[in-house]
Amino acid sequence: MLPACERRLDRNGRHLGHVYGNERVYSDNITRILDRLLDGYDNRLRPGSGGDVTEVKTDIFVTSFGPVSDVDMEYTMDMFFRQMWVDERLQFEGPIEILRLNNRMVDKIWTPDTFFRNSKKSISHNMTTPNKLFRIMQNGTVLYTMRLTISAECPMSLMDFPMDGHACPLRFGSYAYTNSEIVFTWRKGPIASVDCPKESMSLLEFDLVGQTLSREVFKSNTGHYSVQVVHFHLQRKLGYYLIQTYVPLIMVVVLSQVSFWINKESVPARTVAGITTVLTMTTLSISARQSLPKIAYATAMDWFIAVCFAFVALALVEFAAVNYFATLEANRLKKKKARQDRLEVLAAGSDDDEDAASSDSPREGVRRRNYSVCRSEPGDGPPVPIFLQQGSAIPPIPQLAGTSPIDRYARILFPLTFALFNLVYWYIYLAKDTMERPRDTDPTS
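Residues numbered from 1 in each chain as written. Predicted model: local features only at pLDDT ≥ 70, side-chain atom pairs only at ≥ 80, totals over all residues. Heavy atoms only, no water.

Enquirer: Can you help me understand the state of the cysteines in this one?
Expert: Cysteine pairs can be linked by a disulfide, which is a covalent bond between their two sulfur atoms. Applying the stated rule across the entire model yields one disulfide. In this model Cys154 forms its disulfide with Cys168; the gap between the sulfur atoms is 2.0 Å. Since a negative S-S torsion denotes a left-handed disulfide, the Cys154-Cys168 link at about -70° is left-handed. On the criterion of sequence distance, the pair formed by Cys154 in the loop between strand 7 (141–153) and strand 8 (165–174) and Cys168 in strand 8 is long-range, its members being 14 residues apart. Comparing Cys154 with Cys168, the two get one shared label, buried. (Disulfide = S-S within 2.5 Å. Helix = DSSP H or I, 4+ residues; strand = E, 2+ residues; numbered from the N terminus. Buried < 20%, exposed > 50% of the residue type's maximum accessible area, 1.4 Å probe, protein only.)

Structural data, given as structure tokens:
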């Protein structure tokens, strides 16, 4: 006779004792099925050992992608890694079609020795329990899923940086079994076997534009191994580098060309402007390289920085040329003026000798001589105070006033040349397909 607690009725009017009894029968059946499956089972042997090749079907669900490191040339991803294979030794018959088991059953049966060939660090999550899913179908098909975090190597060619795109690979396969024993295939085909939902992407510097799936055969002295390959295609976002590097560089070049509109007599102002822009350009170039590895070739940004640096340096050299030719012209005018003064003094001296006899007194002759000397310089104008001449835009020699021909040409040639360079630069790199091609070592058909 059932106890009082088991004589109560459930919502459907059934005795709870019958429900509990059915559950005990169901559990006993599952236990007997598992015991029968493991009776005589050797988990050291793969399915079909010594006979057919074991086919392991795989697919990946990416839960989080990123970050991507340019300096270390690696990327990190969190994923559900699924494997499916058929083990005829695990076939069963019973009231259920699928045995849903926990991770404790995994250690009692054979599982593929899959490893990631280009991973630097791999983590299998164990909180709060090992994150593993294990199921066995009646026909012996086994589904094994685990949650992993992989940090994998991603070789990058940074020649087109920061307009570059990269194909970051993920390679996995069997560690010990050759392709004559285990073959890996994509469970959902070469298109849908890797799922990367947009909401799970956490990339700030890149856009994940897609992925391609393929197969390879890795050849070594121990045999040929089946390898599955996923290439994640990453396109770098340009906005950050436009704001932090390109726009400041363009502004510095424009500011360096403002000095062409400053009078050539303002030597301190133009010198300070040229040196300041050169130092600013140096600082920007150093900061732009801090986020990159120490590569031995020039990137697209390096070429832009080099050309901008050349424009800034040439602006300073242009003022040096202007000042040099202005100095030569000043020296020529001084020599010419000195020669004219000597000739006028000699002419005035001869006139004084002729008029000496008719002069009333020696003081009158001196007055006439001074008058002739002062009259020989009618174009000099009033003298300029010394405090206005030092560091000012007023030339000490009036004939040197005005814009230098070099400055007039530089005002047109420098901006036009820099604008043409920008047009060619951005057209080449924005119209160019900068996405890297996958580097398959030995692909199979």
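Enquirer: What should I look at first to understand unusual backbone geometry in this one?
Expert: Glycine aside, negative phi is the norm for most residues, and most peptide bonds take the trans geometry. The omega torsion across Gly66 and Pro67 is 5°, close enough to zero to call that bond cis. Residue placement: Pro67 occurs in strand 1 (residues 54–69). Cis geometry is adopted by the peptide bond preceding Thr128, which originates at Met127 and carries an omega value of -5°. As for its position among the elements, Thr128 is in the loop between strand 5 (119–124) and strand 6 (132–137).

Enquirer: In this structure, what is going on with the pairing of strand 12 (residues 223–236)? I would like to understand it.
Expert: For a regular strand, side chains alternate in direction, first toward one face of the sheet and then toward the other. Counting buried positions along strand 12 yields 12 of 14 residues, so the element is predominantly enclosed. In terms of strand pairing, strand 8 meets strand 12 through nine bridges, oriented antiparallel. If you follow Phe172 over to strand 12, its bridge partner there is Gln228. Examined bridge by bridge, strand 11 (residues 206–220) and strand 12 share 14 bridges and lie antiparallel to one another. By the bridge assignment, Lys219 is partnered in strand 12 with His224. (Pairing = 2+ DSSP bridges.)

Enquirer: Is there a simple way to think about helix 4 (residues 267–289) in this case?
Expert: The α-helix advances 3.6 residues per turn, and as a result positions three or four apart in sequence lie on the same side. Taking 1.5 Å as the rise per residue, helix 4 with 23 residues should run 33 Å; its terminal C-alpha atoms sit 34 Å apart, in good agreement. Here helix 4 has its buried residues at Arg270, Gly274, Thr277, Val278, Met281, Leu284, Ser285 and Ala288. (Expected span 1.5 Å × (residues − 1).)

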